[in-house]
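Here is how the chains run, residue by residue.
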Amino acid sequence: MTDSDCIFCKIAGGEIPSDPVYSDEQFYAFRDINPGAPTHVLIIPRKHIAHITDAGPEHRDLLGDMLLRANEIAVQEGLTEKGFRYVLNCGEWGGQSVFHIHLHILGGRALAWPPG
Ligand code: 5GP
Ligand code: ZN
């Protein structure tokens, strides 16, 4: 299922160009247009889910597979030796600006904590 108004559905469908990192039937990963770190990749399910809290038990495999795929991307991007961060923003106060779930993979420098 895709949402015709969703920019990440359009990116996954190739309608909006992006810099691809990984692609298969379930997932698409691409470089963030406004990187917050030297490596900043977004991995998304091709299926449109607006908020992580919209996911239910039927998405258990999808979400598990997304994390495992993200791990492979982190290895490919050379992030695992020094460490890196996954971020999944939800809603207004969580800083979510695109309402199609996406896991940020951030690395390539030491990251501050806590977030702003
Ligand atoms: P959020 O704030 O929702 O957690 O993250 C959305 C991310 O998507 C932001 O880091 C933003 O830079 C990125 N983004 C928004 N629009 C585009 C786009 O058209 N192309 C790419 N590659 N990234 C985008
Ligand atoms: Zn979407």
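Residues numbered from 1 in each chain as written. Chains lettered and ligands numbered in written order. Predicted model: local features only at pLDDT ≥ 70, side-chain atom pairs only at ≥ 80, totals over all residues. Heavy atoms only, no water.

For the rest of this paragraph, the subject is the pattern of salt bridges. Inspection of the entire model under this criterion finds four salt bridges. Note that Asp-19 and Arg-31 form a salt bridge whose closest N and O atoms lie 3.9 Å from each other. Here Arg-31 lies in strand β2 (residues 27-31) and Asp-19 lies in the loop between α1 (7-12) and β1 (20-23), a separation of twelve residues in the sequence. We classify Asp-19 as partly exposed; its relative accessible area is 41%. Taking relative accessible area as the criterion, Arg-31 reaches 33% and is therefore assigned partly exposed. Between Arg-69 and Glu-72 there is a salt bridge, and its shortest N-O distance comes to 2.6 Å. Taken together, the residues Arg-69 and Glu-72, both in helix α2 (residues 60-76) and three residues apart, mark about one turn of the helix. Each of Asp-19, Arg-31 and Glu-77 takes part in one network of salt bridges that share partners. (Salt bridge = Lys/Arg side-chain N within 4 Å of Asp/Glu carboxyl O. Helix = DSSP H or I, 4+ residues; strand = E, 2+ residues; numbered from the N terminus. Buried < 20%, exposed > 50% of the residue type's maximum accessible area, 1.4 Å probe, protein only.)

Attention now goes to the coordination of the zinc ion (ligand 2). Distances from the zinc ion (ligand 2) to its protein donors, Cys-6 (SG), Cys-9 (SG), His-48 (ND1) and His-100 (ND1), fall at 2.0 to 2.3 Å. For the zinc ion (ligand 2), the four donor atoms are set out with angles of 106 to 117 degrees between them, so the coordination reads as tetrahedral. When the donors of the zinc ion (ligand 2) are listed by position in the chain, the intervening gaps give C-x2-C-x38-H-x51-H. Residue Cys-9 is located in helix α1, and its partner His-48 is located in the loop between β3 (39-45) and α2; the two are separated by 39 residues in the primary sequence. Each member of the pair, Cys-9 as well as His-48, is classed as buried. (Donors = N, O, S within 2.8 Å, 3.2 Å for Na, K, Ca; no water. Tetrahedral: all angles 85-135°; square planar, octahedral: opposite > 155°, others 65-115°.)

Turning next to unusual backbone geometry. Trans is the common state for peptide bonds, and a negative phi is the common state for residues other than glycine. In the segment running from Trp-113 into Pro-114, the intervening peptide bond is cis, with an omega of 0 degrees. Within the secondary structure, Pro-114 sits in the segment after β5 (103-107).

Another aspect to go through is the site of ligand 1. Close to ligand 1 lie 16 residues, the nearest being Asp-32, Asn-89, Gly-95, Ser-97 and His-104. Asn-89 places a side-chain nitrogen or oxygen 2.8 Å from an oxygen atom of ligand 1. Relative to its unbound accessible surface of 520 Å², ligand 1 loses 82% to contact with the protein. For the shell around ligand 1, the secondary structure elements donating two or more residues are α1 and β2. For the shell around ligand 1, the element with the most residues is α1, which contributes three residues. (Near = heavy atom within 4 Å. Polar contact = N/O pair within 3.5 Å; in protein donor to acceptor, adjacent residues only side chain to side chain. Areas by Shrake-Rupley, 256 points an atom, 1.4 Å probe, with all protein chains shown as cover.)

Now for the packing of aromatic side chains. Summed over the entire model, instances satisfying the criterion amount to three aromatic pairs. Ring centres of Phe-84 and Tyr-86 lie 5.0 Å apart, and the angle between their planes is 75 degrees; this geometry places the pair in the edge-to-face category. What makes Tyr-86 partly exposed here is its relative accessible area of 26%. Three or more aromatic residues link up through ring pairs in this structure, and these residues are Phe-8, Tyr-28 and Phe-30. (Phe/Tyr/Trp six-rings, centres within 6.5 Å; stacked < 30°, edge-to-face > 60°.)

Such coordinate-based values are descriptive only and should not be taken to indicate function.
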